[in-house]
Structure formats: C-alpha cells, structure tokens
Amino acid sequence: MTDSRVARDTADVLPADQRPDVSEEGEASTPAEPAAAAGTASSPPVSWNALRPILLRHHFYAGVLIGPFLLVAAVTGLLYTATPQIEAVVYRHELHVTPDGDPDALSAQVAAARKAVPEGTLVSVTPAPGRTDSTRVVFEKPGLPDNYTQTAFVNPYTSEVLGQERTFAGWWMPVRAWVDGLHRHLNLGEPGRIYSEIAASWLWVEILGGLALWLTTPRARNRIRRIVVPQGGPKGRKRTMSWHAVVGVWASAGLLGLSVTGMTWSVHAGASIGEIQSALAGPSPAVSTSLPAADKKPGAGPAAVNDVGIDAVVAAAHTAGLRGVMNVSPPTEDQATYVVKENTRSWPERHDTVAVDPATGTITDRANWADYPLLAKMTSWGIDAHMGLLFGPANQIVLALLALALIGMLLWGYRMWWLRRPTRTEGFALGRAPARGAWRRLPGWFLAPAVLIAAVIGYYIPLFGLPLLCFIAVDTLLGHLQRRRTDRTEAAA
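Here we summarise the structure given alongside this text. The model shown is predicted, which means the values in this text are computed figures rather than measured ones.

Reading the values: rules and limits
- Residues numbered from 1 in each chain as written.
- Predicted model: local features only at pLDDT ≥ 70, side-chain atom pairs only at ≥ 80, totals over all residues.
- Heavy atoms only, no water.
- Helix = DSSP H or I, 4+ residues; strand = E, 2+ residues; numbered from the N terminus.
- Expected span 1.5 Å × (residues − 1).
- Bend = angle between axes of the 7 residues up to and from the residue.
- 1 Å grid on protein atoms, 1.4 Å probe; cavity = no way out; pocket = protein on both sides within 12 Å on 5 of 7 lines; lining within 4 Å.
- Points joined across faces, edges and corners; volume = space filled by probe spheres on them.
- Nonpolar A, V, L, I, M, F, W, Y, C, P; charged D, E, K, R; others polar.
- Patch = residues over 30% accessible without salt bridge, like charges linked within 9 Å, V, L, I, M, F, W, Y side chains within 5 Å.
- Areas by Shrake-Rupley, 256 points an atom, 1.4 Å probe, with all protein chains shown as cover.
- Salt bridge = Lys/Arg side-chain N within 4 Å of Asp/Glu carboxyl O.
- Pairing = 2+ DSSP bridges.
- Core = buried A, V, L, I, M, F, W, Y, C linked by side-chain atoms within 4.5 Å.
- Buried < 20%, exposed > 50% of the residue type's maximum accessible area, 1.4 Å probe, protein only.
- Contact = heavy atoms within 4.5 Å.

1. Some words on helix α3 (residues 48-80)
Argument step 1. Taking 1.5 Å of rise per residue, 33 residues should cover 48 Å, yet α3 covers just 39 Å from first to last C-alpha, more than 12% shy of that figure.
Argument step 2. Considering bend angle alone, the principal kink of α3 is centred on I66 and spans about 55 degrees; proline P68 follows within four residues of it.

As structure tokens, this is what we get:
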C-alpha cells in the first residue's frame, strides 16, 4: 500500500477538527500524526470528537437531500398561517351577520338550508357560536370528492341562506382547504402525502443533529453570547453558519414540536404513533349511539321514531354543560341517537360529547374531555397548535416565525454548501461534502446498539428509515468507486 493511500484512509477516519479543510467552519487544522501511528493506536473511548464527524456528514447529506421537502413544507406552512384572515375577508358574507333581535328556531334555519340543498343528506349542524356568526348546515351530496361536503350558511336572525360552499371535513372553506391540501400533499391526493411525511420524519433528525453539532463546536462551548447573537464580521461562510446555527437554536423547540405533531396524522408514522398511544394510554372515551332497550321500537328506523327536534336536543346539551362551538349530528340508520360534540379548539379546549334520545330529549350517554388519556389530550393540543388554532393569532404568529426561521436555515445551509466548492476549479463545481469514514473509529459496542436504535426508529417511522438506507447505500457505493479510481490512479503512477 502506498504512503498516499495510507494517508488518505487515515484522513477519512480522523475527527473533523483534526483533518485539513473538513471542519465545520471549513478551516484547516493541524495535520494528523503519521499514518503508522494511527494504524497501531487502539480505539479511543467514544467522545464527541469521535461522533462529531459522523454527525456532520449525516447532517450535511440530510440537509442537502431532504432540504427541498422541508423548504416546500415551510413555504406552504407559512401561507397556511394566514388562512383564517384570508377566509374572513373572502367569505365574510357567508360567515358573518349583523345581530337583529333574537335568533330564529334552529329547526327553521335547518329547514331553510334543506330547501337550498334539496339533493343533499343532512350530516351535521353547527349553531352560530357567536352573535355575529352564521349557522352552518352540512350536507353530503352526490359527486363531491372524498371528505368534502356541501355547507349552507344561514343567517340565524332571518333564516336566510347566505350562500353555499364546498367544504373540507365539514369545516374548512375552499381557500383554506386548498392551502391545507397544498401543505399536506401538494394537492396531489394520497401519493403527495409522501412529501410531507418525509419532511416531518426528518425535521427532528436535522434539528437534534444541528443542536449536537452546535454544542460541540469548540469555539462555541464557552461563549454564551453565541446562543443569542449571530456572529458578525465580513460576509462569508463563517457568518452564514453563525446565522444558521443561532436561528436553529432559537427555533429548535418549536420545530421539534411541528415535526412530532406533523407525524401524528401522517399515513405511516401516524399509524405507528396511534398504536403506541393506544398501548400506553388505552382508547379515548366515546359515546354509545344506541338507544336504551326500553326505548327501542321493533323495526323502527330513525325516521319512524318520535323526534323532539333539534332545538330540544341543543337545549338538552346546554343543560348538560356543553358550550362554545357545537356540532350536532342527527340520527341515521347506523346512529340511533343525536350526537352533540363540543368543537372548541382554542384554549381551553372543550370536547365533551353527549348522545341524546330523539324521542325524549334525554341524555343517554356522555364522554367527557376530562376523562381522555393525557397522551390523547397532548396529541389534540399539539395538532391544534400545529394548525394555529390553540392560541389564536398569537399561535399563528409563532408558526409564521418558525416557518421563516426554517426557510432561512435551509437557504443558509445551501449557501454554506456553495461556499465549500473548489474555487480554483474551472467550470461548475458543487461544494465538498465532509469526509467519510469516521465511523470506523467507533468501537463495536457502541455501533451495534446505535444501528439497532436506528433500525427500530426506521421501522416505526418508515419515511425516515427508507431514505436513511438509501443514503447509506449510495454513500457506500460512491466511497467504493472513489477508492477504486484512486487505486487505479496510483497504480498508473
């Protein structure tokens, strides 16, 4: 083996801060000890100096390759934060009314909506939660896409139908539904959800990896001010990296929260999280929609049962303590009772549910939000915070700042990569990646559990595990090809 080959292999396994031109700040450091000494030395204990080059390489590759997914998620998420205000302007005629005396009976409002949507099947009614709000009457209608309904908006004081809109999940107006679809699946349907799940599955990895790199940067260990203020000075890679790091530190907690909550309703990771939640906390309480045996009539469907009417049902729910935004669904072939659910998603949240006997107007069952498992509550809080609903405008502002922070971090990261390109190379050249091979310095007792942990995480979060396998396979192949080219070059020389 030639001296140059020994030196190259030794450089590959040295920590970044001991290898020329491969440290995080791109500065050459003191040359390593002779290669012969490196070959005979025993493996040192695992330390941050040994782990840092591995973290740096994986942080770099994940940033370059997953960055586009994260950038799209951040831009569309930033747009989503403004949708409540956009809706208030675009749909002000349907959503808001001028108070005028006492509201009409809810049954009269529903009857007016039925006339406006004669081909629809009544799904739910949301009585006006405030004096300036309209009543929403939601119908299933033939020809609508999955999860879409036709909603009639009724003036509660005149029972006039103000307009109709095709709504998503009975609530999102068309503008918000379109922006929400853009953020979740690029409006491509289920196949498009792969993009957002990849982004959510890797965001926490990038944030934690970046924090570890920042904490182990030698020059940042003893300087508290670097936590608060980005480094000044001339424009260049060092200044760009300072902004990338400091903004990342400030935004890390919020971005980790967005990553976790984003995975909770993803296709693959969401299913795993749901299984874990059910195993740890058990199922959430739900009301029974069956009538008591004494109230059942043989062969009688919902239309054959005496119905006290929706006004009496809502009055019973109010007497039971339900308040705020409420959703009333009527009896169906599969649901013998009315179901009234609280849907107040701002703090403090209210999600109590009652089942009401349509013949008597009495409460037949109840599920209280207070009885939900803590994990179920935390999931609900996290999702509502992710959507900007939990704390109103303040929540929206925080989400917008987090989106801007992520966009800035990604652009600074790509700029750092660009500034690492060989400046003396003619023509176009990409920035250099951090050197490979540092994992060979780690002992087996450390590598084995690390690989096992990564495999378990990859199993439960598949769109983290599959890209990681692809990264490792491609990187291994490229390293093999590079060594073969170097061997041929040295043999020819």
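Moving on from the coordinates now.
2. Thoughts on the layout of surface pockets
Argument step 1. Computed from the structure, the second largest pocket encloses a volume of approximately 1,600 Å³.
Argument step 2. Only α3, α8 (193-215), α15 (444-460) and α16 (462-492) provide two or more residues apiece to the lining of the second largest pocket.
Argument step 3. When residues in the lining of the second largest pocket are grouped by element, the largest group, 12 residues, is from α16.
Argument step 4. In the lining of the second largest pocket, the residues fall into 32 nonpolar, 8 polar and 6 charged.

3. Some thoughts on unusual backbone geometry
Argument step 1. Look at the link from W347 to P348: it is a cis peptide, with omega at -5 degrees.
Argument step 2. Along the polypeptide, P348 turns up in the loop between β6 (338-342) and β7 (353-356).
Argument step 3. Even without being glycine, N147 reaches a positive phi, approximately 70 degrees.
Argument step 4. The residue N147 is located in the loop between β2 (135-140) and β3 (148-154) in this model.

4. Concerning a nonpolar patch on the surface
Argument step 1. A surface patch of nonpolar side chains, amounting to about 930 Å² of accessible area, comprises I276, L280, L374, L375, M378, L452, V456, Y459 and Y460.
Argument step 2. Contributions of two or more residues to the nonpolar patch are made by α11 (268-281), α13 (374-386) and α15.
Argument step 3. If you tally residues by element for the nonpolar patch, the top one is α15, at 4 residues.
Argument step 4. Looking at the secondary structure, you find I276 in helix α11.

5. Structural notes on the pairing of strand β4 (residues 161-168)
Argument step 1. Here 7 bridges tie β3 to β4, and the two strands are oriented antiparallel to one another. What sits directly across from Q150, in β4, is R166.
Argument step 2. Where β3 folds back on β4, the antiparallel hairpin that results is connected by 6 residues, among which S159 adopts a positive phi of roughly 60 degrees.

6. Digging into the nonpolar core
Argument step 1. Ranked by size, the top nonpolar core spans 31 residues in total, and within it W202 and L255 carry the most contacts.
Argument step 2. For this core, the leading source of residues is α8, giving 8 residues.
Argument step 3. Once residues lying within four places of it in the same chain are set aside, the contact partners of L255 are L203, I207, L402, L406 and M409.
Argument step 4. The next biggest cluster of nonpolar side chains, apart from the first, holds 21 residues, and it includes L122, V137, I310 and V328.

That is the geometry; function is a separate question.
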